[in-house]
Every structure is written in C-alpha cells, then in structure tokens.
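Topology and contacts: notes
In case you want the letters, here they are:
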Amino acid sequence: MSPTSRGTGGNGWVGQAIRRKEDPPLIKGQGKYTDDMYLPGTLHAAIVRSPEANATIGSIDTSEAAAYPGVTAVFTSEDLAEDFAGPMAMVWDPPGVDINTPEQWPLAKGEVKHVGQAVAVVLATDRATAVDAAEMVLVEYETLPAVVDPEKALEDGSPLVHEAFGTNRTHDWAIAGGDAEQAIADADVVVERRIVNHRTSGAPIEPRCSVADAQGDSVTLYSSTQVPHIARFVLSGVLGMSEDKIRVVAPDVGGGFGAKLQVYGEEALVLALARKLGRPVKWTETRSEHMTTSHHGRDQIANVTFAATSEGKVTAIKLHAICDLGAYFGLLTPFIPELGFPVTNGCYDIPNLKLDFTGVFTNKFETDAIRGAGRPEVTHWIEVMMDQLAAELDLDPVELRRRNFIAADAFPYETPLGIFYDSGNYQGTLDKLLEHVDMDAFRREQAELRDQGTYRGIGLSTYVEVCGLAPSRAVGPQGVGLQAAFWESAMVRVHPSGSATAYTGTSPHGQGHDTGFAQIVADRLGIDPENVDVLHGDTDQGPFGWGTYGSRSLAVGGESVGRAAERVQDKAKKICAALLEAAPEDIELADGKYQVRGSPDKSMTMVEIAGAAHIPPNELPTDIEPGLEETSFYDPENFVFPFGAHACVVDVDVETGKVEVVRWVAVDDCGPAINPMLIDGQIHGGVTHGIGQALYEQIVYDEDGQLVTGSFVDYALPTAAEVPMFETDRTETPSPVNRLGVKGVGEAGTIAATPAVVNAVTDALKPLGVTFMNMPLTPMRVLEHIQGDGHGPRATEQGREIGEHGQGAAGSGPASPGEGGGSL
Ligand code: MCN
C-alpha cells in the first residue's frame, strides 16, 4: 500500500478507500464463526419451546426424551433452580418513572407468555438427536387468552399478559420543551396522522450461536454477540459467578443489526450446563428460532400532530407513541422507543415539542434495538409528516424543508429538549443532492410517464440522527437512567519489530473496524495499516469495552484508538529525541519518519524506535520506561449528529400494486471519512434495510399470538434484485466533539430510508387520490389504497387499517410471490 498526502496525522492513510483487511479469509470460507467451533466432548442443546402464546404449564414429562439413545440429559427450570442466581437483566431505571418489569428466566417457570418461550433443554451427543428428543418432551399447557394488539391490550377487560401487574401498561415516559398545546391552538394549519411503524426482525445472515466450555471453576463462552464484555458482566450476575471466572469471546460474527446486542437466556443456559456437566455445550439457533426468539424491533403506533403557519413554518410537534414491547424485557426493551427523542425536531428549527410514550405488554417476543433503534421511528414520523404538511399547504416538499432547516451558522444548536446538536449543514447536503437530482427535469419526466401509464414518484428524506453512544453522564444513572456507561477503551502496542496491535472494546460484526481503525493507528504511528492488527471481541484481551451498536464504534472506540496511538507517538518522539539529541517538541512525524524539525536528514523510522524501546541502547535515558504501549479510556462530552439528504424514485404498477425502487441518491455527512469505501458499504446496507421495512419485511402474529412469519419464505427480505445501484455522495462537516471530527454512519441509511420510500410511493399515486400510507407497502396494501378513498385502505376496522399490527388478516405481512411482489 502507498499513502497519499491526504488525511491527518502521520502519512495520509485516513481518508483512503483501502479494501477491507478482514475480507479475504471471510470470502474464502476461512472465517471462524461460533458454529465452526468443535470442542472434544461437546454436547448439543435443543430447546423445547412453547407453542402457546399465553398458558400455565401443568406438567412437563421428560422421561421419553431422557431415555432416547444419544441423549445425555434433559432439564427444566426446576432442575436448574440452583444454577441461576437471578433472572435475565434489564438495565433501564429512569429517575421518576415506574416500570413494570417482569422476571425473565432462561427456562420458563410455570407459565409461558409468548410462542417460542424456552421450556426445557435437551442435551445429546449430536444435534439431530437433541432435536428429535426435544419433540418427545411432553408439556401440558392450560391455554389462556392472548393479546397481540397493543391498543387492545390497553383497553379495559383485555387479557393480561402478567396478572401480577394488573395492567398491560409497562410504563409512561414523557418529555416536552416549549408549549406544543398552545402552538397547536394558535396554528394556521394542523396536520394529524396515525403512523404505524411495524415490527421487524434483525435477520443477520448468521443466526445466533453459543458454545460454553468449562475449565475448573472457570468457563469460556464463545458467542455470536455484539457485546462480549457486557455479556460477561450480565452473565456473571445471572450465574452468580465472579467476572474473572468468565471469558466471553465473539469470534467472527456474521452480522447482528442489533439482534445480537442482547444477552439472551440461551447464553446463560449453555454456560450453566457446561459448568454443571463439565463438558462443552453448544446451541445453534435455527432460522425459525431467530424469527421467533431473537429480539424484534420497532412496533410503535404514533399519533403525530404537526402545527404550522400558513407560510410553512413548523411551530410544534406533538406525539403519543404506543410501543409494543412484547411479553418480557431484554437489556434495553422499554428504553428503545424513547431513544429517538433527542432528534424529534429532525433537522428543523421547531420551538415546541411534546412527546409521550406508552409501553405495552403483549403476548409476543420482546422488542429491543434493531438498526437505528428509536431513531428510524422518529425520522419516519417527521419526514412523512413534512410531506403531509407540504401537501396540506400546497408547497413543494423541498421548499418546505428549506423554510424550516436549522441555519448552518446556528451550531451548536440547542433543541427545545435541551439537546445540543454538535455541527451540521442541512442545506449543504440537500443542495448537493439536488445537484444529482434535477427536480424540474424529474417532474417533466414524471408527467410524460404518467401519460404513458407509468406511475413514477420521488420521495425525500432529510434526516439528522443521534449516535456515538454515549456520554456516560448523559445516559447513565443520573441521565436517562441506564445502569451502564458507554465510554470506550483502546490499547495500542508496538512490537519490537515496529508493527502494531490495537485492542478495541468495540466488537465489529461486518462494519470493517479492522481496516478503519488500522488506518487511524497507521497515521499516528507512521507505519502501514497492513502492519496494524486490530483485535476485539475477547474479554481476556485488552481492557473492558462496551461493544458495537448505536453507531458508536468510530466516534467513541475509534477516537479512543486514535488517542492511545497518539500517546504511543508521544513516547516514540521522546525516544527519538533522546537518540537524536533533540528536544521531544522538535520531533515531527512526516511521511512515515520521525525527524528533527528543519533537519530531515536526522530521522528515525518506527522500526528503529520500536527496537530501541524494547532493547534500550545506553544512550536512552533510564527515566524512559522500556516498551511501547499505551491505553486510553475515552468518554465523549456529547453525542454526534450525522445527517444527510436522500432521494428515492419508485415506479408503482397500479395493476398489481408492486413498487419498484428505480433510483436512490444518498448524500450523507458523517464528518471526515476514515475510509469512504466503508461509508459507502454502510449506506448501501443501511438503505437496503430501510427499503426492506418500507416494502417487504414484517413480523406478523395472528390474533392468537402464533408467529406467521417464521421463515424467509414469509418474511421477505430484499435481495440484490430489489435494490437499485446506489448513488452516494458526501459532505464533510467535522464534529467538534472528538479529535477525529467523525460521526457515525452505521445506521444512517436505515434511519433515512423508510420515509423516502413512503413519500415516493405517495407522490407516485397522487393522481389516483392516494394521500397517506402506512408501511409495509406490499402490493396488496398499495392496491387497497389505489382502490380505496385515497386516505387509507378500503377496509378498515375501528379506524385501523386491516393487518397493520401484523395480526395476519388480509393485507398484512410482507409480499409473497403470490402477491406479485415478494422477493423470495
Ligand atoms: N466510518 C468511516 N468514516 C466515518 C464514519 C464511519 O470510515 N466518518 C466507518 C467506521 O470506521 C466503521 C463503519 O464506518 O468501519 C461504521 O462505523 P460507525 O458508524 O461507528 O458504526 P459501528 O461500527 O458502531 O457499527 C454499528 C452500526 C449498527 S448500530 C448496526 S445495527 C449495524 C451497522 O453498524 N449492523 C451491521 N452496520 C452493519 N454492517 C454489517 N455488515 N452488519 C451489521 O450487523
């Protein structure tokens, strides 16, 4: 590799679109995933899961399964009563808010509250035997009425998910700034919509997998997790073990999208069983199990009100969101819907905000963080409502956005909720987008195409998101009440021969940290990124770290890596200065050499300095310690706020209702690029995720709480055939929050995407009187709108669209081939 002059630090690796170092083994089939782990004597676990959504357990007969050849043991919750010190964890305890928190145990205790709940575990010498024997476990259930619709769950007389609470309401959380009610009363125009953000799955390519291996009183857990250190911390509590006796390793992880930002009962179970039996225990999730019992995301219904002047100045947003949390809580379940609150005014200067969130129990699996986590929902409300308001005012959606943008010179900008946006230039990304998309030409083309029977539409999304989780004091116990902190650690070690290893507390699973972080280190040390190994995902290596989610890894973890590398550079300069008989402040790093300022012939390379650090020559003063290694713990002062402008162009087949995305232009700003290729990859994947939710993907339960979408036949993910070639561009507005100036990008595409699709389809169907639509825009739902009154599908029930919560009625669920639009 050869550096160019671009970039900061030593020699310009930052900013280069170098290829991902981690890919060659992965694409050659040489990756090492958890399921590739074969330890001698391994027992394979299969889990007996509840077919009932709400029931008490009468009896469990394990005798036939236990006697099946090849089966080592069968356990129920009762059998493992001594093996767990406490229930699974939920870590949100907001000041002044009461949350009804049910206990969730790795195996059900006397009752089940959702389909798929683990009831017993079978261990056998091979997986097939364990699966066969699991079918022989006889469980007697007494079925209770289930509730799956969160609005019905709040009605008097609804079946209760947990009788003990006397209500299905989990908690209420509210925040306000300004006086939204007054602003609404005073407004020239008020627009109200009921916006549904339906339930989705993370659906990574690698399902979950955990292998536990006990050695003496210690145990190692290999797990496909995004959060190895958090997993160890939580599991030590669940198992009543001291943390130093548990090692958690995340080997190669094939995607997570938030679904692996969780500490699951199965992880606790394999650990407990390996300890109990003194043998390795392995459990690998099937795809159906993933759809059933890896946490879901979204599932919110929001009543959103926008108030504005007749000139199009938005004066207030009021919203009440009903959030379907499922039957139990994962680590962050009740917190996730509220996570979008810091950006509820989007990239607009809106003085009055009032937000209310109501959490609800239903007999479904828990929701938690799926890519974007709270921010896609908020952005969807805002960006769909901007188009709704534009239609109401008969204003161009571009013009309406411009009239409301926060001015580029208004940063840091304090929102009415007391949040400080770090930096931004929303006009800049929109201007650049419009350099790519000629709106006037589009409108001419659109009119011509309509004359020929083609319904083409364009939709915009100008978003801002909050990431870089997180300043510990803003989110910790005194902040929003998380019993966690989100600083990040790094250690950079230079070896005697001058190459380096960087340890990070982040835990990538597709994002490319091995490459981007190596570029950061390389620049700061004056070496080649090929010679920087980035290690992560092992609690026995490096300091404690908080993992990868919330687009935090670069802005918090990468910054920490950069700081540790800068400290190494400082020491390298001291060594160099001592050996070249100069002052440390006179040593500069340029073009990969440590040289005396003004005397380029007096210089040393990192290879020479590392040698001297490890085998100190006599000239080196004794107050310089041997070795070349530094650690950093970085706690950010603020979040970072990436932003951008996306345009989606669709064609809608008005005969079949099928939507085709024909063009996507994305202009994003995540500060200075560490590696533009990584950014493009994240945007491609993120937007695809959003297109999936907008058009195809939906977790659907029937009214008895049975999961209808248990496989990729029913849960349609977009494939390469459903997405266009993405056109990406960037602006670079540095963040003042960190030295790298960077912001996150891992969720940006997903956050931006859904409203752009919905606005585009609505724009396409405007001539047919369609004015407002809720996702997913499956062919059947689109047809219903086309054939309806323009405000919603023809058939409505109690004011709700049929199937909108995924209750399995006609019109719900993702497109299937039979509907003419599915991808699978
Ligand atoms: N980057 C960069 N320059 C910038 C900003 C980012 O080069 N100015 C690079 C970073 O170095 C990193 C990548 O972009 O390689 C994403 O960085 P960041 O935004 O910090 O996000 P994280 O690494 O923390 O990733 C988390 C984010 C989340 S929350 C989900 S969900 C998600 C995602 O990333 N899940 C993914 N992207 C995914 N990509 C894959 N392949 N698989 C998943 O499961």
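See the structure above.
So, here's what we can say about the structure. All values derive from a computational prediction rather than experimental measurement.

So, the overall build of the chain
- Broken down by element type, the chain carries 19 helices and 30 strands.
- Computed over the C-alpha atoms, the radius of gyration of the chain is 27 Å, within 12% of the 28 Å expected from 2.2 N^0.38 for a compact globule of 824 residues.
- Its C-alpha atoms give the chain principal-axis dimensions of about 85 × 75 × 50 Å.
- Out of the 824 residues in the chain, the part that is buried amounts to 63%.

Concerning the nonpolar core
- Counting 168 residues, the largest nonpolar core has Tyr421, Trp664 and Ile691 as the members making the most contacts within it.
- Membership of the second largest hydrophobic core comes to 47 residues, among which are Ala502, Ile527, Cys576 and Val596.

Let's talk about the site of the ligand
- Near the ligand you find 31 residues, and of these Gln511, His513, Ser553, Gln682 and Val745 are the closest.
- For the ligand, a nitrogen atom lies 2.9 Å from a polar atom in the backbone of Pro672.
- Contact with the protein chains removes 95% of the 850 Å² of surface that the ligand exposes when unbound.
- Elements supplying a minimum of two residues to the shell around the ligand: helix H15 (553-580) and helix H17 (676-696).
- Examining the composition of the shell around the ligand, we find that three residues originate from one element, H17, more than from any other.
- Each residue belonging to the shell around the ligand can be placed in one class, and the counts come to eleven nonpolar, 16 polar and four charged.

Focus on helix H12 (residues 439-451)
- Relative to the 18 Å expected for 13 residues at 1.5 Å per residue, H12 spans 18 Å between its end C-alpha atoms, a close match to the ideal helical length.
- Residues Met439, Phe442, Gln446 and Leu449 constitute the buried set of H12. For H12, the buried positions fall inside an angular range of 80 degrees around the axis, keeping them on one side. Exposed residues pointing more than 90 degrees away from the buried face of H12 are listed as Asp440, Arg444 and Asp451.
- Packing partners of the buried residues in H12 comprise helix H10 (397-404), helix H11 (426-436), strand E18 (455-464), strand E26 (643-652) and helix H18 (748-765).
- Of the residues that open H12, the one with a side-chain oxygen 3.1 Å from the backbone nitrogen of Asp440 is Asp438.
- Positive phi shows up at Gly453, right after H12, with a value of about 90 degrees.

Topic: the packing of helix H6 (residues 228-239) against helix H7 (residues 265-277)
- Between H6 and H7, the shortest axis-to-axis distance is 10 Å and the interhelical angle comes to 55 degrees. One way to sum up the angle between H6 and H7 is to call them oblique. As H6 packs across H7, the resulting crossing turns out to be right-handed. Contact with H6, carried on its side by Leu235, Val238 and Leu239, involves Glu267, Ala268, Leu271, Ala272 and Arg275 of H7 and no other residues of that element.
- Partitioned by chemical class, the residues of the contact of H6 with H7 number six nonpolar, no polar and two charged.

Section: the side chain of Asn54
- Mapped onto the fold, Asn54 is located in the loop between strand E1 (43-49) and strand E2 (55-61).
- Its relative accessible area of 2% is what places Asn54 among the buried residues.
- Within the local environment of Asn54, its side chain forms a polar contact with the side chain of Lys113, the two groups lying 2.8 Å apart.
- Once you skip the residues sitting within four places of it in the chain, Asn54 turns out to touch Val112, Lys113, Glu142, Thr143, Leu144, Pro145, Ala146, Leu160, Val161 and Asn363.

A word on the packing of aromatic side chains
- Under the counting rule described, the total for this entry stands at 17 aromatic pairs.
- Between the aromatic rings of Phe411 and Tyr426, the centroid separation amounts to 5.5 Å while the plane-to-plane angle is 85 degrees, which identifies the pairing as edge-to-face. Pair noted here: Phe411 is in the loop between H10 and strand E16 (413-414) and Tyr426 is in helix H11, with a separation of 15 residues, a long-range link. Neither residue differs from the other here; Phe411 and Tyr426 are each classed as buried.
- Geometrically, the ring pair formed by Trp487 and Trp546 is edge-to-face, given 5.9 Å between the ring centres and 90 degrees between the ring planes. A residue pair is termed long-range when its members are at least 10 positions apart, and Trp487 in the loop between helix H13 (472-475) and strand E19 (488-494) and Trp546 in the loop between strand E21 (532-535) and H15 qualify at 59 residues.
- Given the relative accessible area of 8%, Trp546 is considered buried.
- Members of the aromatic cluster, joined through ring pairs, are Phe486, Trp487, Phe544, Trp546, Tyr549 and Phe633.

Some points on the pairing of strand E27 (residues 659-669)
- Here E27 lies mainly inside the structure; eight of its eleven residues are buried.
- Linkage of E26 to E27, two consecutive antiparallel strands, is achieved through a turn of six residues, within which Gly657 is found at a positive phi near 85 degrees.
- Pairing geometry for E27 and strand E28 (residues 726-730), over five bridges, is parallel. Bridge pairing links Ala666 to Thr728 in E28.
- Considered for its hand, the β-α-β crossover made up of E27, H17 and E28 is right-handed.

Considering the pairing of strand E23 (residues 593-596)
- Direction of pairing for strand E22 (residues 587-590) relative to E23: antiparallel, over a ladder of four bridges. Its bridge partner being in E23, Ala590 is matched across the sheet by Lys593.
- Joining the antiparallel neighbours E22 and E23 is a turn of two residues, in which Asp591 adopts a positive phi near 50 degrees.
- Here E23 pairs with strand E24 (residues 599-604) via three bridges, running antiparallel.

Thresholds applied
- All residue numbers here refer to positions counted from 1 along the written sequence of the relevant chain.
- The predicted nature of this model means local features are confined to residues of pLDDT at least 70 and side-chain atom pairs, given and counted, to a pLDDT of 80 or more, with totals for whole chains, interfaces and linings taken over all residues.
- Side-chain descriptors were evaluated using all non-hydrogen atoms of the structure, hydrogens and water having been removed beforehand.
- Segments assigned H or I by DSSP are reported as helices when at least four residues long, segments assigned E as strands when at least two residues long, and all are numbered from the N terminus.
- Throughout, the radius of gyration refers to the C-alpha atoms, and the reference size of a globule is 2.2 Å times the residue count to the power 0.38.
- Think of it in three bands: with a 1.4 Å probe and only protein chains considered, a residue is buried below 20% of the maximum accessible area for its type, exposed above 50%, and partly exposed in between.
- Only buried residues count toward a nonpolar core, which is a set of Ala, Val, Leu, Ile, Met, Phe, Trp, Tyr and Cys residues joined through side-chain atoms within 4.5 Å.
- When at least one non-hydrogen atom of a residue lies within 4 Å of a molecule or strand, that residue is treated as near it.
- We define a polar contact as two N or O atoms separated by no more than 3.5 Å, with the added condition that, inside protein, one atom must be a possible hydrogen donor and the other a possible acceptor, whereas residues neighbouring each other in sequence contribute only through side-chain atom pairs.
- The accessible surface values rely on the Shrake-Rupley method and a 1.4 Å probe; as for residues, cover is taken only from the protein chains in view.
- Each residue is assigned to one class: nonpolar for Ala, Val, Leu, Ile, Met, Phe, Trp, Tyr, Cys and Pro, charged for Asp, Glu, Lys and Arg, and polar for all the others, Gly among them.
- Every helix has an expected span of 1.5 Å times one less than the residues it contains.
- The arc in question is traced by the directions running from the helix axis to the C-beta atoms.
- A contact between two residues is defined here by any heavy atoms of the two lying within 4.5 Å.
- For every element, the axis is a line fit to its C-alpha atoms; helices are fit only across the contacting stretch, and the angle between N-to-C directions ranges from 0 to 180 degrees.
- For this classification, under 35 degrees means roughly parallel, over 145 means roughly antiparallel, 65 to 115 means roughly perpendicular, and everything else is oblique.
- Crossings are sorted by hand: turned counterclockwise from the far helix by less than a right angle, the near helix makes the crossing left-handed, and turned clockwise it makes it right-handed.
- What counts as a ring pair is set by centres within 6.5 Å for rings of Phe, Tyr and Trp (its six-membered ring), and what kind of pair is set by the plane angle: stacked under 30 degrees, edge-to-face over 60, tilted for all other angles.
- Following DSSP output, two strands are said to pair if at least two bridges run between them.
- Whether a crossover is right-handed comes down to one check: with the strands pointing away from the viewer, does the path from the first strand over the helix to the second run clockwise; if it does, it is right-handed.

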